[in-house]
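# Fold and contact review
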Amino acid sequence: MACVPRFTPHPKSAPGDFYVEKGQCLACGVPHVVAPDLVGWTDEKVQHCFWKKQPETPAELERAIGVLEAQELGCHRYAGTDPAILNRVQSAYCDHPMPSPHVPTQTDPPLPRFALLDDRPGLLARVWRVITRSSPSV
């Protein structure tokens, strides 16, 4: 396995990047329809699915990804770091999702400046100064 799984895999699952989380199976049967060669049932009193084998061929990989896409609970997971697989699988099912591409932060436009709040004199104050300076004293 390339990385440590985020959750505890079912102990019967074949070691590898694809696994089912222990104790989270609802026995829905969906993975068995999508990839019967990869996913099986345990022989326990309470049925639980497990990965019989890890995908080895491109066709098996397609079915493994199909299990992740078709599942209803999110108990089947991918613990690997292969970018080709991570780009195809929802990050909710990946233990080590790819970081999202860096989006440059937008700089906020400058805030509007209001003349009444500005520290320099406004138009009326400047006009008043001009009027009061040039008026003759009485």
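See above for the structure.
Residues numbered from 1 in each chain as written. Predicted model: local features only at pLDDT ≥ 70, side-chain atom pairs only at ≥ 80, totals over all residues. Heavy atoms only, no water.

## Structural notes on the state of the cysteines
What makes a disulfide is a covalent bond joining the sulfur atoms belonging to two cysteines. This structure, assessed with the given rule, holds zero disulfides. The thiol of Cys28 is not disulfide-bonded; the next cysteine sulfur, from Cys25, is found 6.4 Å away. For Cys75, which is in no disulfide, the shortest distance to another cysteine sulfur is to Cys49 and amounts to 5.3 Å. Residue classification places Cys75 among the buried positions, given a relative accessible area of 8%. (Disulfide = S-S within 2.5 Å. Buried < 20%, exposed > 50% of the residue type's maximum accessible area, 1.4 Å probe, protein only.)

## Quick look at the environment of Ala35
Take Ala35: it is sitting in the loop between helix H1 (30-34) and strand S2 (39-41). In the structure, Ala35 is positioned 29 residues away from Ala64 in sequence and 6.6 Å away in space, judged by C-alpha atoms. Every residue in contact with Ala35, bar those within four places of it in the chain, is listed here: Arg63 and Val67. (Helix = DSSP H or I, 4+ residues; strand = E, 2+ residues; numbered from the N terminus. Contact = heavy atoms within 4.5 Å.)

## Notes on the side chain of Glu60
Considering the arrangement of structural elements, one finds Glu60 in helix H2 (residues 58-70). A relative accessible area of 9% places Glu60 in the buried class. Engagement of the side chain of Glu60 in a polar contact is seen with the side chain of Lys53, the distance being 2.7 Å. One polar contact links the side chain of Glu60 to the main-chain amide nitrogen of Glu56, over a distance of 2.7 Å. Contacts of Glu60, omitting those with residues within four sequence positions, involve Asp37, Leu38, Lys53, Gln54 and Pro55. (Polar contact = N/O pair within 3.5 Å; in protein donor to acceptor, adjacent residues only side chain to side chain.)

## With respect to H2
With 13 residues, H2 should reach 18 Å at 1.5 Å per residue; the first-to-last C-alpha distance of 18 Å fits that figure. Within the span of H2, buried status applies to Glu60, Ala64, Ile65, Gly66, Val67 and Leu68. For H2, the secondary structure elements touched by its buried residues are strand S1 (18-20), H1, S2, strand S3 (49-51), strand S4 (76-78) and helix H3 (83-86). (Expected span 1.5 Å × (residues − 1).)

## Some details on a nonpolar patch on the surface
A contiguous nonpolar surface patch, about 320 Å² in accessible area, is contributed by Val127, Trp128 and Ile131. Structurally, the position occupied by Val127 is in helix H4 (residues 123-134). With a relative accessible area of 39%, Val127 lands in the partly exposed category. (Patch = residues over 30% accessible without salt bridge, like charges linked within 9 Å, V, L, I, M, F, W, Y side chains within 5 Å. Areas by Shrake-Rupley, 256 points an atom, 1.4 Å probe, with all protein chains shown as cover. Salt bridge = Lys/Arg side-chain N within 4 Å of Asp/Glu carboxyl O.)

## Examining the packing of aromatic side chains
Summed over the entire model, instances satisfying the criterion amount to two aromatic pairs. Relative to Trp51, the ring of Phe18 has its centre 5.4 Å away and its plane inclined at 35 degrees; by these criteria the two rings are tilted. Placement of the pair is Phe18 in strand S1 and Trp51 in strand S3, with a sequence separation of 33 residues. Phe18 gets classed as buried once you look at its relative accessible area, which sits at 3%. Residue Trp51 is classed as buried on the basis of its relative accessible area of 0%. When the ring centre of Phe50 is taken as origin, the NZ or CZ atom of Lys12, which lies over that ring, is 5.1 Å away. (Phe/Tyr/Trp six-rings, centres within 6.5 Å; stacked < 30°, edge-to-face > 60°. Lys NZ or Arg CZ within 6 Å of the ring centre and 35° of its normal.)

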